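Residue-level structural notes
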Amino acid sequence: MTSDWTDDQPIYRQLRDKVVNAIIDGDLKEGEPLPSVRAIAVDLQINPITASKAYQELVAEDLVEKRRGLGMFIIEGARGKVLSNERRRFLEEDWPRILERIDSLGIDPQDLLATSAEKTGGRNE
């Protein structure tokens, strides 16, 4: 994970998002431990309290569990849960804005599909 922070949301939230993206991408696998709060704080040059808050959000979302004396671990089923939540969020929040933008620009949906097919070599994933 990198320490490329933005000003649009708190760092703990951005760290939470980085962990979620690492789970989606398979960089962090179910059953694997997360780096310790101290290690992640040093690596990303953030306050340990900030790192702890991000980890607590992941625990509250049932993506990570705390094992006494061992640290934090990604729970089984976390990736499926994250994908489901992110897909739902995309369809409910992002997609309506994208559709509105497509409409405001007068873009033909068939042109979008053709452009997409060109960029992906015709495969629909």
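Scroll up a little and you will see the structure.
First things first, this report covers the structure right here in the doc. What you see is a predicted model; the values in this text were computed from it and never measured. (Residues numbered from 1 in each chain as written. Predicted model: local features only at pLDDT ≥ 70, side-chain atom pairs only at ≥ 80, totals over all residues. Heavy atoms only, no water.)

Let us look at the overall build of the chain. What the chain contains, in helices and strands, is five helices and two strands. Ordering the α and β elements of the chain from the N terminus gives α-α-α-β-β-α-α. Against the globule reference of 14 Å for 125 residues, the chain gives a C-alpha radius of gyration of 18 Å, more extended than a compact globule. C-alpha extents for the chain along the principal axes are approximately 55 × 30 × 25 Å. Out of the 125 residues in the chain, the part that is buried amounts to 23%. Of all intrachain contacts in the chain linking residues separated by at least 6 positions in sequence, the fraction that spans at least 24 positions is 52%. Element-wise, carbon and sulfur atoms account for 50% of the exposed surface of the chain, whose accessible area totals about 8800 Å². (Helix = DSSP H or I, 4+ residues; strand = E, 2+ residues; numbered from the N terminus. Rg over C-alpha atoms; globule rule 2.2 N^0.38 Å. Buried < 20%, exposed > 50% of the residue type's maximum accessible area, 1.4 Å probe, protein only. Contact = heavy atoms within 4.5 Å. Areas by Shrake-Rupley, 256 points an atom, 1.4 Å probe, with all protein chains shown as cover.)

Note that Arg13 resides in helix α1 (residues 11-25). A relative accessible area of 28% places Arg13 in the partly exposed class. C-alpha of Arg13 to C-alpha of Thr50: the two residues are 37 residues apart in sequence and 9.0 Å apart in space. In contact with Arg13, not counting residues within four places along its chain, are Glu57 and Glu61.

A complete count under the given rule lists 10 salt bridges for this structure. Salt-bridge contacts for Arg13 lead to Glu57; the nearest nitrogen and oxygen are separated by 3.0 Å. Here the residue Arg13 occupies a position in helix α1, and Glu57 occupies one in helix α3 (residues 48-60), the gap between them amounting to 44 residues. Taken together, the shared-partner salt bridges in this structure form one network comprising Glu86, Arg89, Asp94 and Arg97. (Salt bridge = Lys/Arg side-chain N within 4 Å of Asp/Glu carboxyl O.)

On to the layout of surface pockets, then. Its boundaries defined by the atoms lining it, the largest pocket holds a volume of some 200 Å³. Along the wall of the largest pocket there are 13 residues; nearest its centre are Arg13, Arg16, Asp17, Glu86 and Arg89. For the lining of the largest pocket, the secondary structure elements donating two or more residues are α1 and α4 (78-105). With six residues, the top contributor of residues to the lining of the largest pocket is α4. Of the residues assigned to the lining of the largest pocket, the class counts are three nonpolar, two polar and eight charged. (1 Å grid on protein atoms, 1.4 Å probe; cavity = no way out; pocket = protein on both sides within 12 Å on 5 of 7 lines; lining within 4 Å. Points joined across faces, edges and corners; volume = space filled by probe spheres on them. Nonpolar A, V, L, I, M, F, W, Y, C, P; charged D, E, K, R; others polar.)

The tally for this structure, following the rule as stated, stands at one aromatic pair. Their ring planes at 35 degrees and their centres at 6.0 Å tell us that Phe90 and Trp95 sit as a pair that is tilted. Since its relative accessible area comes to 35%, Trp95 is described here as partly exposed. Above the face of the Trp5 ring, Lys18 is positioned so that its terminal group lies 5.1 Å from the ring centre. One cation-aromatic arrangement involves Lys53 over Tyr12; the distance from NZ or CZ to the ring centre is 4.2 Å. (Phe/Tyr/Trp six-rings, centres within 6.5 Å; stacked < 30°, edge-to-face > 60°. Lys NZ or Arg CZ within 6 Å of the ring centre and 35° of its normal.)

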